[in-house]
Amino acid sequence: DTITVRCREVVERLNQANRRGRVTADIIKKLRDIGRVFSDDLLSHSIKDKIKETAAEHLVISMDDQLVQVPWELLHMGGQFLCQRFSMGRLVRTRQQIPGRGKLRVLERPLKMLIISDPGGDLGGAYAEGRQIRDYIDGNKGLINASLRTGSISAGYIREKIRNFDFVHFAGHSDYDPQNPHESGWRLTGENFKAADIVKMAGAAAMPALIFSNACQSARTEEWAIKEYFQDEIFGMANAFILAGVNHYVGTFWEILDEPGRQFALGFYRRL
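Rules used throughout
- Residues numbered from 1 in each chain as written.
- Predicted model: local features only at pLDDT ≥ 70, side-chain atom pairs only at ≥ 80, totals over all residues.
- Heavy atoms only, no water.
- Helix = DSSP H or I, 4+ residues; strand = E, 2+ residues; numbered from the N terminus.
- Buried < 20%, exposed > 50% of the residue type's maximum accessible area, 1.4 Å probe, protein only.
- Contact = heavy atoms within 4.5 Å.
- Areas by Shrake-Rupley, 256 points an atom, 1.4 Å probe, with all protein chains shown as cover.
- Salt bridge = Lys/Arg side-chain N within 4 Å of Asp/Glu carboxyl O.

Visitor: What is the right way to read the overall build of the protein chain from this model?
Guide: A count of helical and extended segments in the protein chain gives eight helices and 13 strands. The proportion of buried residues among the 272 residues of the protein chain is 46%. The contacts of the protein chain with a sequence gap of at least 6 include a subset with a gap of at least 24, amounting to 74%. Of the accessible surface of the protein chain, which amounts to about 13,900 Å², a share of 48% is contributed by carbon and sulfur atoms.

See below:
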């Protein structure tokens, strides 16, 4: 219960950021204080010592699927949040059957990338994000060929085309229903690409090797706020894609804009 209350406090503090996503010094201080308490409650002395002494640049946390709601990236120790100290990822253990197991994608150059940006037509930042990524990829055509889709996009289109690509980048809105997680998903044009749709795709053909879902930061509007269940939302989509056979899933948890630049906290899930 204490951990749950602390998780809720983190969400409340992040939602106090202004409309540009800038976090004040007071909010950073409170997040730091909560992060320190999290470290005390969740990490033993020996683990703290290993983290302080290591020269590693990457940290992968292996956890039970009931612990995905904990903001591990914001544990604070040694003067930094863990997501500042390390490039972080998560390996989530589950007892679920993996229907997409064994359908590993064979990667060959040039890799194929699908960029889906602003399918609702109401997120200028997401639209610009898609164009910027496409333009950057176009400078490396010997390695990757990128296809950009914006505007009107249906769930049927994604179900038909997604398995033709090695990488998929999504920038837009997402919805989460805590009572019916299978109904959660990417918000498209007049409909959602739901977790239930994703799981049904397992087994027919190899899914993309990597899904990057920028569905929180890109969805920021004047009324933008992190939802109480945001960790479960991201894990729900990650879980669905991994069950369907995707090897790697990266989802945006939050973005902190702090001088002199941006700091992102991402959730990285890998299929074993």
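Visitor: How should the pattern of salt bridges be read in this particular structure?
Guide: Summed over the entire model, instances satisfying the criterion amount to eight salt bridges. One salt bridge connects Lys48 with Asp40, and the closest N-O pair in it is separated by 2.7 Å. Take Lys48: its relative accessible area is 15%, and that puts it in the buried class. Asp135 is paired through a salt bridge with Arg134; the nearest N and O atoms lie 2.9 Å apart. Using a relative accessible area of 44% as the deciding quantity, one classes Asp135 as partly exposed. Ionic contacts of the salt-bridge type, sharing partners, join the residues Lys29, Arg32 and Asp33 into one network.

Visitor: Help me understand unusual backbone geometry in this model?
Guide: With glycine set apart, most residues show a phi of negative sign, and most peptide bonds adopt trans. That bond from Arg109 to Pro110 is cis: its omega, -5 degrees, falls within 30 degrees of zero. Positionally, Pro110 belongs in the loop between β4 (87–93) and β5 (111–117). With phi around 50 degrees, Asp118 is a residue other than glycine that occupies positive phi space. Structurally, Asp118 can be placed in the loop between β5 and α5 (124–138). Residue classification places Asp118 among the buried residues on the basis of a relative accessible area of 7%.

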